[in-house]
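Structural description and commentary
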Amino acid sequence: QLRLVESGGGLVQPGGSLRLSCTASGFTLAYYTIAWFRQAPGKDREGVSCIQQWSGMSNYADSVKGRFTVSRDNIKNTVTLQMNSLKPEDTAVYYCAAVQPTPYPPICAGVPIEGRYHIWGQGIRVTVSS
């Protein structure tokens, strides 16, 4: 079974930080393109960030650029999303997702597109509130 599990969410005040982790079971994340998505209440799921296999190219949505950083820890088989300077509008359920990359063109060439990702975590809540 191919599984992704998110962890690290919770409640944080505006301006604070959280670090989300995405851990794989049944496959090795290093060989996959990984993306983070989020879904706020009553809104559609949107792409946040993605990273190519083996800590390659990464991209971010304009709304989080400069505040969020995606990275890999291949030894731990995890991908992390470091979220700094959090805003109330960052409140959402955050999902990690994975797909086997094509040789060319790279999947993570821009903001991640939901339909390209086939393995999904269950999501984790992030609440930014004073």
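Only a predicted model underlies this, so the values are computations on that prediction, with no experimental measurement involved. (Residues numbered from 1 in each chain as written. Predicted model: local features only at pLDDT ≥ 70, side-chain atom pairs only at ≥ 80, totals over all residues. Heavy atoms only, no water.)

1. As for the side chain of Gln-82
- By the element assignment, Gln-82 lies in strand β8 (residues 78-83).
- In terms of polar contacts, Gln-82 uses its side chain to reach the side chain of Arg-19, at 2.8 Å.
- Among all residues touching Gln-82, those that are not within four sequence positions of it are Ser-17, Leu-18, Arg-19, Arg-67, Phe-68 and Thr-69. (Helix = DSSP H or I, 4+ residues; strand = E, 2+ residues; numbered from the N terminus. Polar contact = N/O pair within 3.5 Å; in protein donor to acceptor, adjacent residues only side chain to side chain. Contact = heavy atoms within 4.5 Å.)

2. Examining the packing of aromatic side chains
- Under the defined criterion, the tally for this structure stands at five aromatic pairs.
- Ring geometry for Phe-37 against Trp-120: centres 4.9 Å apart, planes inclined by 40 degrees, an arrangement best described as tilted. Taken together, the residues Phe-37 in strand β4 (residues 33-39) and Trp-120 in strand β10 (residues 119-120) connect sequence positions 83 residues apart.
- Exposure remark for Trp-120: the relative accessible area of 23% places this residue in the partly exposed category.
- One residue, Arg-45, lies across the ring of Tyr-95, its end atom 4.2 Å from the ring centre. (Phe/Tyr/Trp six-rings, centres within 6.5 Å; stacked < 30°, edge-to-face > 60°. Buried < 20%, exposed > 50% of the residue type's maximum accessible area, 1.4 Å probe, protein only. Lys NZ or Arg CZ within 6 Å of the ring centre and 35° of its normal.)

3. Description of the pattern of salt bridges
- Scanning all chains against the criterion turns up five salt bridges.
- Residues Asp-90 and Arg-38 are paired through a salt bridge, measuring 2.8 Å at the closest nitrogen-oxygen approach. With Asp-90 in the loop between β8 and β9 (92-99) and Arg-38 in strand β4, this pair connects stretches of sequence that are 52 residues apart. One exposure class covers both Asp-90 and Arg-38, and it is buried.
- With a shortest N-O distance of 3.4 Å, Arg-45 and Glu-114 are connected by a salt bridge. A residue pair is termed long-range when its members are at least 10 positions apart, and Arg-45 in the loop between β4 and β5 (46-51) and Glu-114 in the loop between β9 and β10 qualify at 69 residues.
- Judged by relative accessible area, Arg-45 falls into the partly exposed class, the value being 26%. (Salt bridge = Lys/Arg side-chain N within 4 Å of Asp/Glu carboxyl O.)

4. Description of the state of the cysteines
- Across all of its chains, the model carries two disulfides by this definition.
- The residue that forms a disulfide with Cys-22 is Cys-96, at a sulfur-sulfur distance of 2.1 Å. Handedness of the Cys-22-Cys-96 disulfide follows from its S-S torsion of about 70 degrees: it is right-handed. Pair noted here: Cys-22 is in strand β3 (residues 18-25) and Cys-96 is in strand β9, with a separation of 74 residues, a long-range link.
- By relative accessible area, Cys-96 is classed as buried at 0%. (Disulfide = S-S within 2.5 Å.)

5. Things to note about the nonpolar core
- Residues Leu-4, Trp-36, Phe-68, Leu-81, Met-83 and Tyr-94 are the most contacted members of the largest nonpolar core, which totals 31 residues.
- Secondary-structure elements contributing two or more residues to this core are β3, β4, β5, β7 (68-73), β8, β9 and β11 (124-128).
- Setting aside residues no more than four positions away along its own chain, Leu-81 makes contact with Leu-18, Arg-19, Leu-20, Trp-36, Val-48, Ser-49, Phe-68, Thr-69, Val-70 and Tyr-94.
- In this structure, Ala-35, Phe-37, Val-99 and Tyr-117 belong to the second largest nonpolar core, which totals eight residues. (Core = buried A, V, L, I, M, F, W, Y, C linked by side-chain atoms within 4.5 Å.)

None of this, on its own, says anything about what the molecule does.
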